[in-house]
Structures are given as C-alpha cells and as structure tokens.
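Each chain is listed here by its residues.
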Amino acid sequence: MKAGQTAVSLGLMATSVRVVHESYCPDIGPICAERDEPPQLHDQRFSLGELRARVEYGLTETWGLEVQFPIRLNHTTVQFRRLDGTPVSLDYVNIHHRNETLFGLADPWVRARYALGLGDVSLVARAGLTVPLGGTVENPFALGDAGQEHQHVQFGTGTVQPLLALEAERRWDGGWSARAWGQAQLSLAENRFGYRNGHRFAVGVSGEVPVVGALRLSVGADLANEQPERWDGRVQQDGNLGRTDVLMGGGLAYPVGRVQLGLTVRVPVYQHIIGHHGQLTYPGLLGLTAETVFGE
C-alpha cells in the first residue's frame, strides 16, 4: 500500500460442526437426584458464521495501521439419544444444551504493519492486540456442578491478547506468485470469570496462478493449533482440551471494477483433538471476500 491509501474488505467465513458425546449421572443434571436417569448421547449441530470487516490505512509505504471488527453467528440444535442411538424426549430442561441462536461482536483486532523488500521477496510483519469487547460467560463447569443452567459458547476472551504475524510473498513474470505466512495469538492472563483460553498458532503456504483473463486460481495448505483452555487454572475434561488441524483447499479471485472478489474452500485432511471422548466433525470452511482500495 502507498501512503494515504485505505484498504477496506469484508470477509464471510462459514462452516457446520457436529459434536456427539456421552453423558452419565450425575453430570446429566439435577434430575439424577430425583431418579436413576439412563446414560445419554448428546448430539449437537452448530452452524457457524463470522463476518469480519477490515480497514487498513497506509501511513507510509512501509508503515500502516489496521483494525478488524468480527461479528459472529452461532446456531445450535441438539438431539438427545439413548446410547443405542434412538432418540429420547426429555421431560425436564437439560442444563447443558439447548436449541438456540447467538449473535454478537467478537474481540476486535488492532495491528500495526511494517513492510519491506528482501531481494525478490516482499515481507510484511504485523503486531498488535485484541480488544476485549466480545461477550464472555461465567464458569460453566462450576455452574454445572451446582446443577444450574449454563452456557459454553462465548464470543470474547475478556482479556487483551498480543497478536503477531509474518508473511512473505514472491511474484514472477506471467502472474505467478507464492506466499507463506504465520500468526500467533497469545493468552497471558485469566479474565474476570477465571477463564483463560489457550494460545493459538497458525501457518500456511499457498500459490496463485492466472487462469482465464483476470480470473486467478490459488491452492494451499494451512496448519492451525490451539492450546487447552483453563477455568480457574484447571483444564476441564469436558472443555476445549486443545487441537491441531491441517486443511487444504483452493480459491478463485476476480476483479469487478475496483472490487476484488474471492471465494475459498478448505477441507480438513488431518485433525487431532487432545483427550476428546466424543466425536467432532466438520466438512470444511467456506470463505467469501470483497476488497477495495481508496486513494492514489
């Protein structure tokens, strides 16, 4: 970017997730104190979406300032089953899961950008922090142990967290390009409810080639790692115990006037969830982007 230019983009990311796990008394809830409740399968389906608005201003050709505002949607349905898989209708309110739709702002990002050239390679380093505006919840495990209804889904971390990123790109004659990148979000403290999410790391490589006219095709692979979350200093067995995912996919990009439109699809080819005693599956990630630059 040149000095005085402003880049504005909107990105929509969507996926669906299915989580199935067994539940036994007394974890099922207060009903266990009234009667011998048989074990259950909790079969949850999540439809997840995030709309992320990004604005970056070029202070100079080297330095820039960026702000990102993510808005998230989480639609959840749950089916209670017997261990043999047959559905069961509960005659009481389950304190853990419910059909619901949650919508709200997640933690915005503020980052500074420094760009430089190293021979034929362009380097961009970014550093910043998260702003704790996303919604958080009380300790769901403490509430569950007390037999109270609770919420596990939250859109924020409740703390300021450092952000670090580095990317490198090389371009060749004919419109070919290759890119490598890495990013880290570091969790350094608990929030007011005793929650501390795990560090998050991601790296990726991709290549882009022209196809027909202005249409461009990209292919790549990403690796994402998330460390275990903690509540009051403890890693809970039914919480986020940490995970590693490898995704591969591709995308198309096409300019319409001054707006660059993009479509990406990524599918998991490897997934490791630490200590998870149930099933967690998702088909992949679908992304749509639109970006333009204002100024000379």
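Scroll up for the structure.
So, here's what we can say about the structure.

### A closer look at the state of the cysteines
Thinking step 1. A complete count under the given rule lists 1 disulfide for this structure.
Thinking step 2. Here Cys25 is linked by a disulfide to Cys32, with a sulfur-sulfur distance of 1.9 Å. Every disulfide takes its handedness from the sign of the S-S torsion; for Cys25 and Cys32 that torsion is -85°, giving left-handed.
Thinking step 3. Classification of Cys25 as partly exposed rests on a relative accessible area of 31%.
Thinking step 4. The buried category is assigned to Cys32, whose relative accessible area is 19%.

### With respect to the side chain of Asn74
Thinking step 1. One can find Asn74 in strand β3 (residues 63-81).
Thinking step 2. Within polar-contact distance, the side chain of Asn74 engages the side chain of Thr76 at 2.8 Å.
Thinking step 3. When near neighbours in sequence (up to four residues on either side) are disregarded, Asn74 contacts Phe46, Ser47, Leu48, Glu100, Thr101, Leu102, Val153 and Phe155.

### Topic: the pairing of strand β7 (residues 162-171)
Looking down a regular strand, the side chains alternate between one sheet face and the other.
Thinking step 1. Inspection of the sheet shows strand β6 (residues 121-130) paired to β7 by 9 bridges, in the antiparallel sense. Paired with Gly128 across the two strands is Leu163, which belongs to β7.
Thinking step 2. Hairpin connection between β7 and strand β8 (residues 177-185): a loop of 5 residues separates the two successive antiparallel strands, and Gly174 in this loop has a positive phi of roughly 95°.

Basis of the calculations
- Residues numbered from 1 in each chain as written.
- Predicted model: local features only at pLDDT ≥ 70, side-chain atom pairs only at ≥ 80, totals over all residues.
- Heavy atoms only, no water.
- Disulfide = S-S within 2.5 Å.
- Buried < 20%, exposed > 50% of the residue type's maximum accessible area, 1.4 Å probe, protein only.
- Helix = DSSP H or I, 4+ residues; strand = E, 2+ residues; numbered from the N terminus.
- Polar contact = N/O pair within 3.5 Å; in protein donor to acceptor, adjacent residues only side chain to side chain.
- Contact = heavy atoms within 4.5 Å.
- Pairing = 2+ DSSP bridges.

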